Amino acid sequence: GELNAAGERFLAARGGLGGSLATNFVPCKGQRRIVRLDLKLIADVGLVGFPNAGKSSLLSKISHAKPEVADYPFTTVQPELGKIMYTDYKQISVADLPGLIEGAHANRGMGHKFLKHVERTKQLLLVVDISGFQLSVKTQFRTAFETVVLLTKELELYKEELMSKPALLAVNKMDLPCAKDNWNVLTKQLQNPQDFFDSLEEEMIPASILEFKDVIPISTYTGEGIEQLKACLRKSIDEEADQENEEYRQKKLLLLQSS
């Protein structure tokens, strides 16, 4: 069962009948059950990426949150929440989710512990390193494009419904020397990703690729693209809210017409 709104109820274990004529004034035992309560963060935007992509640095740049930032993987061991504040007092909540690894969908590492929080976010913001990613010398190096594909695959295998969420892509570390060349290659690959699947291992290829509403080059070091990213997030959240309001209005209209 799930409790997602105020006033929702769920019967986990039924109580027994109290002492009455029906039970000869002998109370009956109720049901006994061990229940695990699992809290999932609710946020407007969830940051998703491999370790050291710059998610914590990004959260500290766009909000007042102060997550731990370091130059080694897994500095974030639990989700961090921050709020983006706009000049018109609009607020957008952002959750920095700990870095995933390949195999997270199968609970490798702390996969499920991290991925469960993605379920409750309204939108996804994938954060990738323009220079690629390699967890250790024992693991294979992945380009920025391969990182996007692998993150998509992990989300798809964990829960296919996640693929229907609105998604944006932030390409970080654009201050690095080879960033411009890598960016040109990545933008071509993202335009027609299927054309570049031939060079990938079969198990890496997702059934469907995420369609990003915006792809924004950023640098959390220099601040490049941060304001543009905040504007894109605001626009995407507002569009989704307008769509939800329209759907709600249409449902109410149908109810009035039927009554």
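Our subject in this report is the structure included herewith.

Parameters at a glance
- Residue numbers here run from 1 along each chain, matching the order of that chain's written sequence.
- With pLDDT at 70 or above as the cut-off, local features in this predicted model cover only qualifying residues; side-chain atom pairs require 80 or more to be listed or tallied, and sums for whole chains, interfaces and linings still use all residues.
- Hydrogens and water molecules were not included; the side-chain quantities draw on all heavy atoms of the structure.
- Each helix is a run of H or I in the DSSP string that is no shorter than four residues. Each strand is a run of E no shorter than two, and both are numbered from the N terminus.
- Each residue gets one of three labels from its accessible area relative to the maximum for its type: buried under 20%, exposed over 50%, partly exposed in between, using a 1.4 Å probe on protein chains only.
- A contact between two residues is defined here by any heavy atoms of the two lying within 4.5 Å.
- Computed by Shrake-Rupley with a 1.4 Å probe, the accessible areas treat only the displayed protein chains as cover when residues are assessed.
- A cavity, in this analysis, means grid points on a 1 Å lattice covering only the protein atoms where a 1.4 Å probe fits yet has no way out; a pocket is instead an open set bounded by protein on both sides within 12 Å along at least five of seven lines, and a residue lines either one if it has an atom within 4 Å of a point.
- Grid points are joined across faces, edges and corners, and a volume is the space filled by probe spheres set on the points.
- Gly is put with the polar residues, along with every residue not named as nonpolar or charged; the nonpolar set is Ala, Val, Leu, Ile, Met, Phe, Trp, Tyr, Cys and Pro, and the charged set is Asp, Glu, Lys and Arg.
- At least two DSSP bridges between two strands are required for those strands to pair.
- For helices, the axis comes from a line fit to the C-alpha atoms of the stretch in contact; other axes are also lines fit to C-alpha atoms, and the angle between any two N-to-C directions lies between 0 and 180 degrees.
- For this analysis, a nonpolar core means a set of buried residues of the types Ala, Val, Leu, Ile, Met, Phe, Trp, Tyr and Cys, connected via side-chain atoms within 4.5 Å.
- By the criterion applied in these results, polar contacts are pairs of N or O atoms within 3.5 Å in which, for protein atoms, one can donate a hydrogen and the other can accept it, and in which residues neighboring in sequence qualify only through two side-chain atoms.
- Any angle from 65 to 115 degrees is called roughly perpendicular, while one under 35 is roughly parallel, one over 145 is roughly antiparallel, and all others are oblique.

### Observations concerning the overall build of the protein chain
- Within the protein chain one finds 5 helices and 6 strands.
- Going residue by residue from the N terminus, the α and β elements of the protein chain occur as β-α-β-β-α-β-α-β-α-β-α.
- Classification of the 259 residues of the protein chain by burial places 42% in the buried group.
- Long-range contacts, defined as pairs at least 24 residues apart, comprise 65% of the intrachain contacts of the protein chain with a sequence gap of at least 6.
- In the structure as shown, the protein chain presents an accessible area of about 15,600 Å², 52% of it carried by carbon and sulfur atoms.

### Brief notes about the layout of surface pockets
- Reported here for the largest pocket is a volume of approximately 460 Å³.
- For the largest pocket, the lining is made up of 15 residues, of which Gly1, Glu2, Leu3, Leu37 and Asp38 are closest to its centre.
- Of the residues assigned to the lining of the largest pocket, the class counts are 7 nonpolar, 2 polar and 6 charged.

### With respect to the sheet that holds strand β6 (residues 212-217)
- If you walk across this open sheet you meet the 6 strands as β2-β3-β1-β4-β5-β6, and the pairing is mixed. A single partner strand is all that each edge strand has here, and the edge strands are β2 (80-85) and β6. On average, each strand axis in the sheet is inclined to that of its neighbour by 25°, with strand direction left out of account.
- In this structure, strand β1 (residues 43-48) lies alongside strand β4 (residues 121-129), joined through 5 bridges in parallel fashion. Counted as the bridge partner of Gly46 is Leu124 from β4.
- Sitting on the sheet, helix α3 (residues 144-158) is in contact with β1, β4, β5 (167-172) and β6, with an inclination near 150° to β4.

### Focus on the nonpolar core
- In this structure, Val118, Leu126 and Val171 are the most contacted members of the largest nonpolar core, which totals 35 residues.
- Breaking this core down by element, the ones donating at least two residues are β1, β4, α3, β5 and α4 (179-191).
- The biggest single contributor to this core is α3, with 8 residues.
- Setting aside chain neighbours within four positions, we find Leu126 in contact with Val48, Leu151, Leu168, Leu169, Ala170, Leu210 and Phe212.
- Core analysis: the second largest hydrophobic core is formed by 21 residues, Leu58, Leu168, Ala170 and Leu229 among them.

### Thoughts on the side chain of Ser219
- Along the chain, Ser219 turns up in the loop between β6 and α5 (226-258).
- Side-chain polar atoms of Ser219 contact the side chain of Asp175, separated by 2.7 Å.

### Topic: empty space enclosed by the protein
- One pass over the full model with this rule turns up 2 cavities of 30 Å³ or more.
- For the largest cavity, the calculated volume is near 40 Å³.
- Contributing to the lining of the largest cavity are Phe50, Pro51, Asn52, Ala53, Val127, Val128, Asp129, Gly132, Phe133 and Thr147.
- At 3 residues, β4 tops the list of elements feeding residues into the lining of the largest cavity.
- Residue composition of the lining of the largest cavity, grouped by class: 6 nonpolar, 3 polar and 1 charged.

### Here we look at the packing of α3 against α4
- Axis separation between α3 and α4 bottoms out at 9 Å; the angle between their running directions is 40°. For the element pair α3 / α4, the angle class is oblique. Residues Ala144, Phe145 and Val148 of α3 form the contact with α4, whose participating residues are Leu186, Gln189 and Leu190.
- Of the residues belonging to the contact of α3 with α4, the class tally is 5 nonpolar, 1 polar and no charged.

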